[in-house]
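Structure assessment
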Amino acid sequence: MQIGTLQILGLYQQAARQFLAGERVTYLAHAWQCGRLAEKSGAPHKLQLASWLHDIGHLWGHAHGHLEDTKAQDHAALGARLLEPLFGRAVSEPVRLHVLAKRYLVTTRGAYARKLSEEARRSLTRQGGDLSEEECVAFERNPFFADAIQLRIWDDLGKKEGWFESTPQDALDQLDELIQSLHAISVM
Ligand SMILES: [Fe+2]
């Protein structure tokens, strides 16, 4: 399973017509908003790209005919597998951990759990719900813990209806530029 820059851009082109389940934003707008929030926070380019691409596992799944995840964690693991060979772990690990980060925040911050969107609350059960104390401690020791938590917070914020670039092509150009800035090697 390998993906190149052109395929990534192709998936995000299609994402302009795919809506997040239960939300009123497209996957492209959501990805753009997450990338923009990361950029505005002064995040390094790799974390900006992770924010942009964190749902690539979903898009890959849609493109290859798996409609909804059997296990909702799968899209995070699949996304990380696609991204690691191209961009390394600084991009793939926050992607892999962004669902775990949601479960961690639900477990440790009551206010976070109360603010989750309806769909995010529904998917939480499928994703495994609360973490045990041991799981929380193990996650806190992960070197990508802070990046994963940060990405998760942008993921939750990046679902605003009507906040988007002027055209999908402008957004895709920004993604392309960000990828090029990291010297990704296109394999396609
Ligand atoms: Fe997301």
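Above this text you will find the structure in question.
Throughout this description, residue numbers start from 1 for each chain and increase along the sequence as written. Owing to the predicted nature of the model, reporting of local features is limited to residues with pLDDT of at least 70; listing and counting of side-chain atom pairs is limited to 80 or more, with chain, interface and lining totals taken over all residues. As a rule here, side-chain values cover all heavy atoms of the structure and leave hydrogens and water aside.

1. Some points on the packing of aromatic side chains
The criterion, for reference: The rule is short: rings of Phe, Tyr and Trp, with Trp giving its six-membered ring, pair when the centres are within 6.5 Å, and they are stacked under 30 degrees, edge-to-face over 60, tilted in between. A run of DSSP states H or I qualifies as a helix once it reaches four residues; a run of E qualifies as a strand once it reaches two. Both are numbered from the N-terminal end. For every residue, the accessible area (1.4 Å probe, protein chains only) is compared with the maximum for its type, and the residue is labelled buried under 20%, exposed over 50%, or partly exposed between those bounds.
Tallied over the entire structure, the rule returns six aromatic pairs. An angle of 70° between the planes, with centres 5.3 Å apart, marks the rings of tryptophan 32 and tryptophan 163 as edge-to-face. With tryptophan 32 in helix 2 (residues 27–40) and tryptophan 163 in the loop between helix 10 (145–157) and helix 11 (168–181), the pair connects residues that are 131 residues apart, well separated along the chain. Overall, tryptophan 32 belongs to the buried group, its relative accessible area being 5%. Classification of tryptophan 163 as partly exposed rests on a relative accessible area of 24%. Considering the side-chain rings of tyrosine 104 and phenylalanine 145, the 5.1 Å spacing of their centres and the 85° angle between planes classify their relative orientation as edge-to-face. Remark: phenylalanine 145 occurs in helix 10 and tyrosine 104 occurs in helix 6 (residues 89–108); sequence separation between them is 41 residues. Since its relative accessible area comes to 18%, phenylalanine 145 is described here as buried. Each residue in the set Trp32, Trp163 and Phe164 is aromatic and connected to the rest through ring pairs, giving one cluster.

2. As for the nonpolar core
Grouped burial of nonpolar side chains is what soluble globular proteins tend to show. To keep it simple, the criterion reads: What we call a nonpolar core is a set of buried Ala, Val, Leu, Ile, Met, Phe, Trp, Tyr and Cys residues that are connected through their side-chain atoms within 4.5 Å.
With 38 residues, the main nonpolar core has Ile8, Tyr12, Trp52, Leu53 and Phe87 as its most contacted residues. At the level of secondary structure, the elements contributing two or more residues to this core comprise helix 1 (5–14), helix 2, helix 3 (45–53), helix 4 (56–63), helix 5 (74–87), helix 6, helix 10 and helix 11. Residue contributions to this core peak at seven residues, all from helix 2. Counting 16 residues, the second-largest nonpolar core is a separate cluster that includes Leu97, Leu105, Ala120 and Cys136.

3. Side note on the packing of helix 3 against helix 10
Spelled out, the test is: For helices, the fitted line uses only the C-alpha atoms of the stretch in contact; every axis is such a line through C-alpha atoms, and the angle between N-to-C directions lies from 0 to 180 degrees. The labels follow the angle: roughly parallel below 35 degrees, roughly antiparallel above 145, roughly perpendicular from 65 to 115, and oblique for the rest. For any pair of crossing helices, the crossing counts as left-handed if the nearer helix is rotated counterclockwise from the farther one by less than a right angle, and right-handed if it is rotated clockwise. Any two residues having at least one pair of non-hydrogen atoms within 4.5 Å are treated as being in contact.
As a packed pair, helix 3 and helix 10 sit with axes 10 Å apart at the nearest point and diverge in direction by 45°. Taken together, the axes of helix 3 and helix 10 are oblique relative to one another. When the axes of helix 3 and helix 10 are compared, the crossing they make is right-handed. Side by side, helix 3 and helix 10 meet where Leu47, Ala50 and Ser51 of the first sit next to Asp147, Leu151 and Trp154 of the second.

Any functional reading would require information that these geometric values do not contain.
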